[in-house]
Amino acid sequence: MTSLILPSFDAPEFEPSPLPPVIPHVPMYVPEVLPVPQPVSGHDAGRDVYVTNYGRVTSKHRDFPKFHKKTYIYPIGFTSTKSWLSSVDPTKKCGHTCEIIDDGDRPMFRVTASDRPLSPITKTTPGGAWNAIKKRVNESCPTDQGRFTGMISGPEFFGLFCLTTISRCEELDTDEVCRKYWDAKSQGYTVIGSKPRG
């Protein structure tokens, strides 16, 4: 029987790979995530108006007098919704979002109909914004019979003409920077529904 003769060879020499350096465990710093403060919100202001955000009073209310007047404080970011006639179909109603926005040295008043979200109306007064909505609704009526001929109060349609809204807006002005408003109130000059300042 013939034996199997295997060829001889020299095994290659392998050098062991160096071990990775030991890195001491350092606990990862995870910043504490604080909850975002939610605005105080939510009350029925009457006439199908619901206030959803009272906004805020800032130094602009002191530096720029158009952010308040004798009868009202206009907080930046104030938001409400009102159900009113649709300009798409005047026989129906739709929601209208009312906002007080910051325009630099003055507030602007914007109304956006839910069925025309890309066509908001922005004016320098709440009455100007809502009368423009009224005009748009009337223009969409096929006949004069369906047109809205009543008077519109912008502050009332925004939800500003309400005791709860007035009180909440006053609470926002902790430093009483709205001087025209507070000076008038100290003399008993208030809008209907507002309690005289003691």
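Refer to the preceding data block for the structure.
What comes next is a walk through the structure. Note that the coordinates shown come from a computational prediction; the quantities given were computed from them, not determined experimentally.

1. Describing the sheet that holds strand 4 (residues 93-102)
An order of 1-2-3-4-5-6 is seen for the 6 strands of this open sheet, with the pairing classed as antiparallel. Whereas interior strands pair on both sides, the edge strands pair on one side only; in this sheet they are strand 1 (43-46) and strand 6 (121-123). Averaged over all pairs of adjacent strands, the angle between strand axes in this sheet comes to 30 degrees, irrespective of strand direction. Relative to strand 6, strand 5 (residues 107-113) is paired through 3 bridges, and the arrangement is antiparallel. Paired with arginine 110 across the bridge in strand 6 is threonine 122.

2. A word on the packing of aromatic side chains
Across all of its chains, the model carries 8 aromatic pairs by this definition. Centroid distance tryptophan 84 to phenylalanine 148: 5.1 Å. Interplanar angle 80 degrees. Geometry classified as edge-to-face. Here tryptophan 84, found in strand 3 (residues 79-85), pairs with phenylalanine 148, found in the loop between helix 2 (126-139) and helix 3 (154-158); they are 64 residues apart in sequence, far enough to count as distant. By relative accessible area, which is 24% here, phenylalanine 148 ends up partly exposed. A connected cluster of aromatic rings, assembled from ring pairs, spans Tyr72, Tyr74, Phe109 and Phe158. It is lysine 82 that lies over the ring of phenylalanine 157; its NZ or CZ is 4.3 Å from the centre.

3. Focus on unusual backbone geometry
In the Ramachandran plot, aspartate 48 falls in the positive-phi region, its phi being about 60 degrees despite a non-glycine side chain. Tracing the backbone through its elements, the reader meets aspartate 48 in the loop between strand 1 and strand 2 (49-53). Positive phi is not limited to glycine here, since glutamate 176 has a value of about 50 degrees. Structurally, the position occupied by glutamate 176 is in the loop between helix 4 (163-172) and helix 5 (179-186).

4. Some details on the pattern of salt bridges
Tallied over the entire structure, the rule returns 9 salt bridges. The salt bridge involving glutamate 170 is made with lysine 185; its shortest N-O contact spans 2.1 Å. With glutamate 170 in helix 4 and lysine 185 in helix 5, this residue pair connects regions lying 15 residues apart in the sequence. When its relative accessible area of 16% is taken as the criterion, glutamate 170 is described as buried.

5. Some thoughts on the pairing of strand 5
Most of strand 5 is tucked away, with 6 of its 7 residues classed as buried. As paired elements, strand 4 and strand 5 share 7 bridges and run antiparallel to each other. Looking at the pairing, threonine 97 lines up with threonine 112 of strand 5. Two successive antiparallel strands, strand 4 and strand 5, enclose a turn made up of 4 residues, where glycine 104 displays a positive phi of approximately 95 degrees.

Reading guide: rules and limits
- Residues numbered from 1 in each chain as written.
- Predicted model: local features only at pLDDT ≥ 70, side-chain atom pairs only at ≥ 80, totals over all residues.
- Heavy atoms only, no water.
- Pairing = 2+ DSSP bridges.
- Helix = DSSP H or I, 4+ residues; strand = E, 2+ residues; numbered from the N terminus.
- Axes fitted to C-alpha atoms, helices over the stretch in contact; angles between N-to-C directions.
- Phe/Tyr/Trp six-rings, centres within 6.5 Å; stacked < 30°, edge-to-face > 60°.
- Buried < 20%, exposed > 50% of the residue type's maximum accessible area, 1.4 Å probe, protein only.
- Lys NZ or Arg CZ within 6 Å of the ring centre and 35° of its normal.
- Salt bridge = Lys/Arg side-chain N within 4 Å of Asp/Glu carboxyl O.

Everything listed is a geometric property; what it means functionally is a separate question.
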